[in-house]
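Architecture and fold: a report
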Amino acid sequence: MTKQIEVKKRILEENEKAATRLRQSFRETGTLVINLISSPGAGKTTLLESTGAALGTTRRLGVLVGDIATERDADRLRQSGLPARQILTGGSCHLDARQIDGAFTGWGSPKLEILVIENVGNLICPTSFDLGEDFKVALLSVAEGDDKPFKYPGIFSRAAVTVVTKTDLLPHVTFNMTRVRDEVRSLNPAATVLELSARTGQGMDRWIALLEERLAAKTAAVPAAR
Ligand SMILES: Nc1nc2c(ncn2[C@@H]2O[C@H](COP(=O)(O)OP(=O)(O)OP(=O)(O)O)[C@@H](O)[C@H]2O)c(=O)[nH]1
Ligand SMILES: [Mg+2]
C-alpha cells in the first residue's frame, strides 16, 4: 500500500514537472489551453465541432484528443475543418503532460491561439493530471443526471467552468438545473456554470464569449520580448 502511494506520488511529481514546462511555453506564445473533461459521450467532440464552426475562421484553434482506441474523434474534428491530432493512451484512462508535449511538438506555425485538449472520457482519472492548461472545463450532459457534482467532487471542484450540455433534451429527462448550479457553486464558489446545446446552438454564444474573454486575458499577459 505504502509502495503504491509512493509510485503514484512519483508519477504525479513527474507529470507536474512536464506540465510546468508546457505552461511556461504556452505563456510565451499566448496560447490559451483548455482541458476538457467529462464522462464518455457527454458531448465534448460535438461541442468542439460547433466551436470550430463559430470560431474556426477567425481564430487559430487546434485540438489534441485522447482516447484509448481509434482515431474517430480526430477524424470527426478534421472533417469539421479543425486541425486535430489523436493521442492513443494505450489503455490509460487519462492524458498526461508528456503525451501533450509529444503530440504538440512540431505543430508548427502559425502558433495556435487556442488549444483544446479533449481528455479521455472519464470523470475521475483525468482530474489529478495537470496538462499545463489554463483551466479545466467539466461537461455534464442533462442525460447523465443532476446528482453528479457531489458524486464526483474532484472534477467539479477543480474545473473553472462547468458546461451543462444537451439542453435540447431537457423536455425528455428529469434534470434540476438549480441543483447542479448549487452543488457546483458549493464545491467551487468561483466556478462559471454554462448551459448549452451544441445541437441547436442555444447557449453557444456564452461559451464563445467566454473563450474570447479568456483568450484576450492570456494574450495581454504574454511577456514582452527582451
Ligand atoms: N441531443 C443532443 N445530442 C448531443 C449533443 N451533443 C452531443 N450529442 C450527441 O451525444 C453523443 C456523444 O457526443 P460526443 O460529442 O461524441 O461525446 P464525447 O464526450 O466526445 O464522447 P467520448 O469522446 O466518447 O467521451 C453523440 O451521439 C452526439 O450526437 C447535444 O447538444 N444535443
Ligand atoms: Mg469525443
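Look above for the structure.
Given the structure is predicted, the values throughout are model-derived calculations rather than measurements.

**Describing the site of ligand 1**
In the region of ligand 1, 18 residues are neighbours, and Lys44, Thr45, Thr46, Arg76 and Asp168 sit closest. Burial of ligand 1 by the protein chains amounts to 77% of its free accessible area of 650 Å². In terms of residue class, the shell around ligand 1 is made up of four nonpolar, seven polar and seven charged.

**Examining the packing of aromatic side chains**
Centre-to-centre distance and the angle between the planes together describe a pair of aromatic rings. In total, this model carries two aromatic pairs according to the counting rule given. Geometrically, the ring pair formed by phenylalanine 26 and phenylalanine 104 is edge-to-face, given 5.2 Å between the ring centres and 70° between the ring planes. Of this pair, phenylalanine 26 sits in helix α1 (residues 2–29) while phenylalanine 104 is found in helix α4 (residues 97–104), placing the two residues 78 residues apart along the sequence. Taking relative accessible area as the criterion, phenylalanine 26 reaches 1% and is therefore assigned buried. The rings of Phe26, Phe104 and Trp107 are connected pair by pair, giving a single aromatic cluster. The ring centre of phenylalanine 135 lies 4.8 Å from the NZ or CZ of arginine 214, which sits over that ring.

**Comments concerning the packing of α1 against α4**
Remark: α1 packs on α4, axes separated minimally by 8 Å, with the N-to-C direction vectors making an angle of 40°. The angle between α1 and α4 falls in the class oblique. Touching Asn15, Ala18, Ala19, Leu22 and Phe26 of α1 are Ala97, Arg98, Ile100, Asp101 and Phe104, all from α4. Broken down by class, the residue content of the contact of α1 with α4 amounts to seven nonpolar, one polar and two charged.

What counts and what doesn't
Residues numbered from 1 in each chain as written. Chains lettered and ligands numbered in written order. Predicted model: local features only at pLDDT ≥ 70, side-chain atom pairs only at ≥ 80, totals over all residues. Heavy atoms only, no water. Near = heavy atom within 4 Å. Areas by Shrake-Rupley, 256 points an atom, 1.4 Å probe, with all protein chains shown as cover. Nonpolar A, V, L, I, M, F, W, Y, C, P; charged D, E, K, R; others polar. Phe/Tyr/Trp six-rings, centres within 6.5 Å; stacked < 30°, edge-to-face > 60°. Helix = DSSP H or I, 4+ residues; strand = E, 2+ residues; numbered from the N terminus. Buried < 20%, exposed > 50% of the residue type's maximum accessible area, 1.4 Å probe, protein only. Lys NZ or Arg CZ within 6 Å of the ring centre and 35° of its normal. Axes fitted to C-alpha atoms, helices over the stretch in contact; angles between N-to-C directions. Parallel < 35°, antiparallel > 145°, perpendicular 65-115°, else oblique. Contact = heavy atoms within 4.5 Å.

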